[in-house]
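These are the residues of each chain, in order.
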Amino acid sequence: MKKSYYCEKLEKTLHFLPEEIKFCCSCAEGLGIKIKDFSKVDKKEIIKVKNKYIKQLKNGVIPSQCFGCLELKEQKIQKESLFQKILKKKENKVVSHVIVDHYKQCDCSCIYCSQKILHPDVIQKYELLPIIEQLYDQKLLSKQDLVVEFQGGNISMLSEFDNLIKTFNSNECHEFRLLMNGIKYLPVLETISFNNSSFVSISLDSGTRETFCKIKNVDAFEQTIENIKKLEKRTDLRFSFKYILIKDVNDNKEEIEKFINVVKSFERLNNVIFDIDYRDTFMIPESTKKVPSYYKELFDYAEKLCNDNKIVFTISEYTKKILSDL
Ligand SMILES: C[S@@+](CC[C@H](N)C(=O)[O-])C[C@H]1O[C@@H](n2cnc3c(N)ncnc32)[C@H](O)[C@@H]1O
Ligand code: SF4
Ligand code: SF4
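Conventions used here
- Numbers given to residues run from 1 along each chain, matching the order in which its sequence is written.
- Think of it this way: whatever chain is written first is A, whatever ligand is written first is 1, and the rest follow in order.
- For a predicted model such as this one, the threshold for reporting local features is a pLDDT of at least 70, and the threshold for listing and counting side-chain atom pairs is 80 or more; totals across whole chains, interfaces and linings nevertheless cover every residue.
- Remark: C-beta atoms are placed from the backbone, and a residue is labelled buried if 20 or more other C-beta atoms sit within 10 Å of its own, exposed if 12 or fewer do, or partly exposed between those counts.
- Helix and strand definitions follow DSSP, with helices as H or I runs of at least four residues and strands as E runs of at least two, each counted in order from the N terminus.
- Strands pair, by our definition, only if DSSP identifies at least two bridges between them.

Colleague: Honestly, the pairing of strand E2 (residues 13-16) in this entry has me stumped. Any pointers?
Modeller: In regular strands, side chains alternate between the two faces of the sheet. Burial of E2 is two-sided: the residues Thr13 and His15 facing one way and the residues Leu14 and Phe16 facing the other way are all buried. Of the strand pairs in this sheet, E2 and strand E6 (residues 97-100) are connected by four bridges, and their pairing is parallel. Directly across from Phe16, in E6, lies its bridge partner Val100. Sheet topology places E2 next to strand E3 (residues 20-22); two bridges connect them, and they run antiparallel. Each residue of the ladder has a partner; that of His15, found in E3, is Lys22.

Colleague: How do you make sense of unusual backbone geometry when you look at a structure like this?
Modeller: Note: most peptide bonds trans; most residues except glycine with negative phi. With omega at 25 degrees, the peptide bond leading from Gly152 into Gly153 counts as cis. Of note, Gly153 is situated in the loop between strand E7 (147-150) and helix H6 (161-170). Within the chain, Asp248 stands out as a residue other than glycine whose phi angle is a positive 60 degrees. Inspection of the secondary structure puts Asp248 in the loop between strand E10 (238-245) and helix H9 (253-263). Taking the number of C-beta atoms within 10 Å as the measure of exposure, Asp248 has 7 and is therefore exposed. For Lys310, which is not glycine, the phi torsion reads 55 degrees and is therefore positive. As for its placement among the helices and strands, Lys310 is situated in the loop between helix H10 (295-308) and strand E12 (313-314).

Put into structure tokens, the structure is as follows:
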């Protein structure tokens, strides 16, 4: 039987990058559309390109940009009624996941930061706010269930951050994922109405001031913890803490234990996310060979510590696969 595929991200996402808009964020290259002039982002063009790829997948053709992507799902070919076809066409026109990632400026300089490699030029090329306002006017963005994720760069360095988050919020968006380093306190977050699924993800990567300094190149470990404590007091946000294992820097049990001891003091701790430095995985060819075999033991150790402390331990499917191949 002929194969057919679908990808939920492709149907629902707009990922704003410095030079283009992608339709996902994944471990593969991803599909998207190059934009020559960001002052003229065209809803019709976006839908046309998205639908072209949706159709390709449905017909069993996997674009090279999707090779190896774990988001790709095989589906059974079902005969659709005319009503289902019309409904689907309508659904495809609404975006329910926006990733704000067009800015790469940051107030620290992590030794592992993949952005430096992917986007060495940190000059912001366009303002996103006018585009978002336009897309709301054109009814491309959902007013029922939009999720907005801020990646970057760091939001503390994005001058349009306050206006962007206020604009989403005033358009009935209440679910936010804020990826940040926490070095600077952001008072605007006290004014936003967040739903229960919103969270802040902080790339702490350490459990001590010394290791934090080594990784981030700024002496701001205590300040970061203080800022997150303040956010916990003054907002309803929940917190995820990230720990990227960096070779010969924080890839040891002692630092992981100290990290867990710090994050467990947060009452609204969502989860902790462990990952492997991308420079040892998908960013270089022959990648998995660079991941030391003792990482399996370290991940097991981190998981056990989390379980003992009733903390939700999270790793991505991609990372799980790398560990199982070691
Ligand atoms: C590029 S940062 C931007 C948001 C924010 N500045 C932060 O650090 O969370 C987004 C995420 O990418 C992760 N990241 C960056 N470089 C990475 C790498 N080489 N390997 C794994 N994760 C990486 C960071 O840990 C962070 O969680
Ligand atoms: S299959 Fe993967 S790479 Fe392709 S559009 Fe979906 S998420 Fe992106
Ligand atoms: S805080 Fe985030 S964006 Fe900034 S250097 Fe670190 S990983 Fe990169």
